[in-house]
Amino acid sequence: MTNSSSAESTGTWRLIQPEQVLDMAVNDVEFLTELIDLFVALAPEQMQDIRQAIDSNDAGLLAEVAHAYKGTVGNYTQTGPYPLLQSLENDGKSADLQTSQSKFQSLEQEINALLTELETLKTEVNQSL
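The shown structure was predicted, so the numbers you read here are calculated from the model rather than taken from an experiment. (Residues numbered from 1 in each chain as written. Predicted model: local features only at pLDDT ≥ 70, side-chain atom pairs only at ≥ 80, totals over all residues. Heavy atoms only, no water.)

J.: Please give an account of the packing of helix α4 (residues 59-73) against helix α5 (residues 81-94) that cites residues and values.
T.: Where α4 contacts α5, the two axes come as close as 7 Å, and the packing angle between them is 155 degrees. If you check the angle between α4 and α5, you find them roughly antiparallel. The handedness of the crossing between α4 and α5 is left-handed. Of α5, the residues touching α4 (which contributes Ala59, Gly60, Leu62, Ala63, Ala66, His67, Tyr69, Lys70 and Val73) are Pro81, Tyr82, Leu85, Gln86, Leu88, Glu89, Asp91, Gly92 and Lys93. In terms of residue class, the contact of α4 with α5 is built from ten nonpolar, four polar and four charged. (Axes fitted to C-alpha atoms, helices over the stretch in contact; angles between N-to-C directions. Helix = DSSP H or I, 4+ residues; strand = E, 2+ residues; numbered from the N terminus. Parallel < 35°, antiparallel > 145°, perpendicular 65-115°, else oblique. Left-handed = near helix turned anticlockwise from the far one by under 90°. Contact = heavy atoms within 4.5 Å. Nonpolar A, V, L, I, M, F, W, Y, C, P; charged D, E, K, R; others polar.)

Right under this line is the structure:
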């Protein structure tokens, strides 16, 4: 990666730490690209699963799908969408979905921000080859 420290200092990275994400991919840029592409491709379906659980007031399903997505998101960040997913999982476990819709709206924004950062990282590491 060419400019990760300057990117971090300018605020480009609010949710991810590029070096940690690259370490997760064992410093293999091609593997990292595949991981990011897969995450980006599956994000809409995973978000739809959460929305469906909330819309159908299915607490058990919400706990299950939020937990699963939290694990995936946790590979990239422990901030932003991660605590929202934890909160949605807790809502499901407690069968209290009163605030889940507003949390989901925040989650949509945070997931979009995460996707943007991951795409930026993917571009940067591929340009550094």
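J.: I'd like to hear about the side chain of threonine 33, residue by residue, with values.
T.: Looking at the secondary structure, you find threonine 33 in helix α3 (residues 29-55). A relative accessible area of 16% places threonine 33 in the buried class. The contact partners of threonine 33, leaving out residues within four places of it in the chain, are Lys122 and Asn126. (Buried < 20%, exposed > 50% of the residue type's maximum accessible area, 1.4 Å probe, protein only.)

J.: Tell me about the packing of aromatic side chains, residues and numbers included.
T.: When we look at a pair of aromatic rings, we describe it by the centre distance and by the angle of the planes. What the rule picks out here adds up to two aromatic pairs. With 6.2 Å between their ring centres and 20 degrees between their planes, phenylalanine 39 and tyrosine 69 make a pair best called stacked. Of this pair, phenylalanine 39 sits in helix α3 while tyrosine 69 sits in helix α4, and the two are 30 residues apart along the sequence. When its relative accessible area of 3% is taken as the criterion, phenylalanine 39 is described as buried. Taking the relative accessible area as the measure of exposure, tyrosine 69 reaches 1% and is therefore buried. Ring geometry for phenylalanine 39 and tyrosine 76: centres 5.0 Å apart, planes at 55 degrees, overall tilted. Residue phenylalanine 39 is found in helix α3, and its partner tyrosine 76 is found in the loop between α4 and α5; the two are separated by 37 residues along the sequence. Tyrosine 76 sits in the buried class, given a relative accessible area of 8%. (Phe/Tyr/Trp six-rings, centres within 6.5 Å; stacked < 30°, edge-to-face > 60°.)

Everything listed here is a matter of geometry and, on its own, says nothing about what the molecule does.
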